[in-house]
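Remarks on the overall topology
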Amino acid sequence: MDSTQGAMIDLYLCHGHVYVWNAPDACALREHHRIVGTFVGALPRLPRQNVRLGRPLQLMPEETTMLLNKGIARLLDGNIPPKSDEDALQALKEHRQQSFREQAEMCKSERKRKLHEMASVIAKGRAAKRRKLAQKTDGVNSSSSTKDAESSSLDQTKVEEEPSLTTEEMKELETKLDKTTGYNEQAFLVQIMTEQVTDEPQEAIPWLYPATDREALRCEVFQDLWEKGYFLTSGGKFGGDFLVYPGDPFRYHSFYIAVCLQRSETMEALDIVRLGRLGSNVKKTVLLCSESETGEMTYTSLQWTGMN
């Protein structure tokens, strides 16, 4: 591994999946090693949506295998529970209480901002209530002419055209808001400690993938295309094993759909037609990837040209 690329990257194996929790490590994987992965975590400020996701970065088994083979990363056990001594528990409790206080302040600030946004609506509602009360009070004893009533209503409309809250009324509302104590601690977000936070060294664990010939072929195809300078992501959405990009997927569309096949595996003509038409419909070239008798990777491209 080139020393200019920094220290070895820690990968965490948890319940059969491999994750990268450290933000600089996730950036280094993409910028220096062309490893894309998939973000699967919620964003701290937008936790209840799944359009844009954040850390951790989940890696495909083939990505993990390649990184371990190249000596770029090491695999650690992500299932190790944190130590439960008194100091650690007290520190965790204080951290969560501090998080609750910070979130409560953020919630209060957001409510104040909303209060200022809705000030005109509140003022209009109060003005409407005052008019209603005045009409009920003066309706019985009213003896003025129709013209006088119309002119007075017009004058009233002009006066109360744009009602607004006074400075005293706004301060009163803000004071009531500051006295609000109805923040339920159970309704706030809780940070789950998922990466090893202690300074104690952790031993690397073995990686048991690939376990079958099919998995071994996928790893060999992935590493061979990666060594040729391509970016690779999962190709499940396009009916293949990998999508192959000439550059970063943020900037380029994929050129190829890689389909891994054993050397001795046979294909029906209908399957070949299906893959060719699939690649044509999504404007990509299908690559049939297999290993030759000499151990080298061979690629056969399928392109739908139609018939004359």
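Okay, so let's go over this structure. Given the structure is predicted, the values throughout are model-derived calculations rather than measurements.

**Describing the packing of aromatic side chains**
Under the definition given, this model contains five aromatic pairs. Here Trp 207 and Tyr 209 contribute two aromatic rings whose centre-to-centre distance is 6.0 Å and whose plane-to-plane angle is 35°, an arrangement assigned as tilted. Here the aromatic cluster, defined as three or more aromatic residues joined through ring pairs, consists of Tyr 230, Phe 255 and Tyr 256. Cation over ring: Arg 30 sits above Phe 250, and NZ or CZ is 4.3 Å from the ring centre.

**As for the packing of helix H2 (residues 61–69) against helix H7 (residues 213–227)**
The contact between H2 and H7 brings their axes to 9 Å, and the two run at 65°. The crossing of H2 and H7 is right-handed. Only Arg 218, Cys 219, Phe 222, Gln 223 and Trp 226 of H7 make contact with H2, whose side of the interface consists of Glu 62, Glu 63, Thr 65, Met 66 and Asn 69. Looking at the contact of H2 with H7 residue by residue, the classes come out as four nonpolar, three polar and three charged.

**A look at the packing of helix H3 (residues 86–117) against helix H6 (residues 167–178)**
Interaxial distance between H3 and H6 falls to 11 Å at its minimum, and their mutual angle equals 155°. One way to sum up the angle between H3 and H6 is to call them roughly antiparallel. As H3 runs across H6, the sense of the crossing is right-handed. Across the interface between the two elements, Lys 108, Arg 111, Lys 112, Leu 115 and His 116 of H3 pack against Met 170, Leu 173, Glu 174, Leu 177 and Asp 178 of H6. Here the residues of the contact of H3 with H6 sort into four nonpolar, one polar and five charged.

**Side note on the sheet that holds strand S1 (residues 9–14)**
Here five strands make up an open sheet; going across it, the order is S3-S4-S2-S1-S5 and the pairing mixed. Pairing within the sheet leaves two strands with one partner each, and these edge strands are strand S3 (38–41) and strand S5 (73–77). For this sheet, the mean inter-axis angle between neighbouring strands, taken without regard to orientation, is 40°. Sheet strands in contact with helix H1 (residues 23–33) are S1, strand S2 (17–20) and strand S4 (54–59), and its direction is about 110° off that of S1.

**So, H1**
Side chains that are three or four residues apart share a direction in an α-helix, a result of its 3.6 residues per turn. Among the residues of H1, Asp 25, Ala 26, Ala 28, Leu 29, Arg 30 and His 33 are the ones counted as buried. Where the residues of H1 are buried, they touch S1, S2, S4, H2, H7 and strand S6 (231–234). The first or second residue beyond H1 is Arg 34, which carries a positive phi of 55°.

Reading the values: the criteria
Residues numbered from 1 in each chain as written. Predicted model: local features only at pLDDT ≥ 70, side-chain atom pairs only at ≥ 80, totals over all residues. Heavy atoms only, no water. Phe/Tyr/Trp six-rings, centres within 6.5 Å; stacked < 30°, edge-to-face > 60°. Lys NZ or Arg CZ within 6 Å of the ring centre and 35° of its normal. Axes fitted to C-alpha atoms, helices over the stretch in contact; angles between N-to-C directions. Helix = DSSP H or I, 4+ residues; strand = E, 2+ residues; numbered from the N terminus. Left-handed = near helix turned anticlockwise from the far one by under 90°. Contact = heavy atoms within 4.5 Å. Nonpolar A, V, L, I, M, F, W, Y, C, P; charged D, E, K, R; others polar. Parallel < 35°, antiparallel > 145°, perpendicular 65-115°, else oblique. Pairing = 2+ DSSP bridges. Buried < 20%, exposed > 50% of the residue type's maximum accessible area, 1.4 Å probe, protein only.

Nothing here speaks to function; it is geometry throughout.
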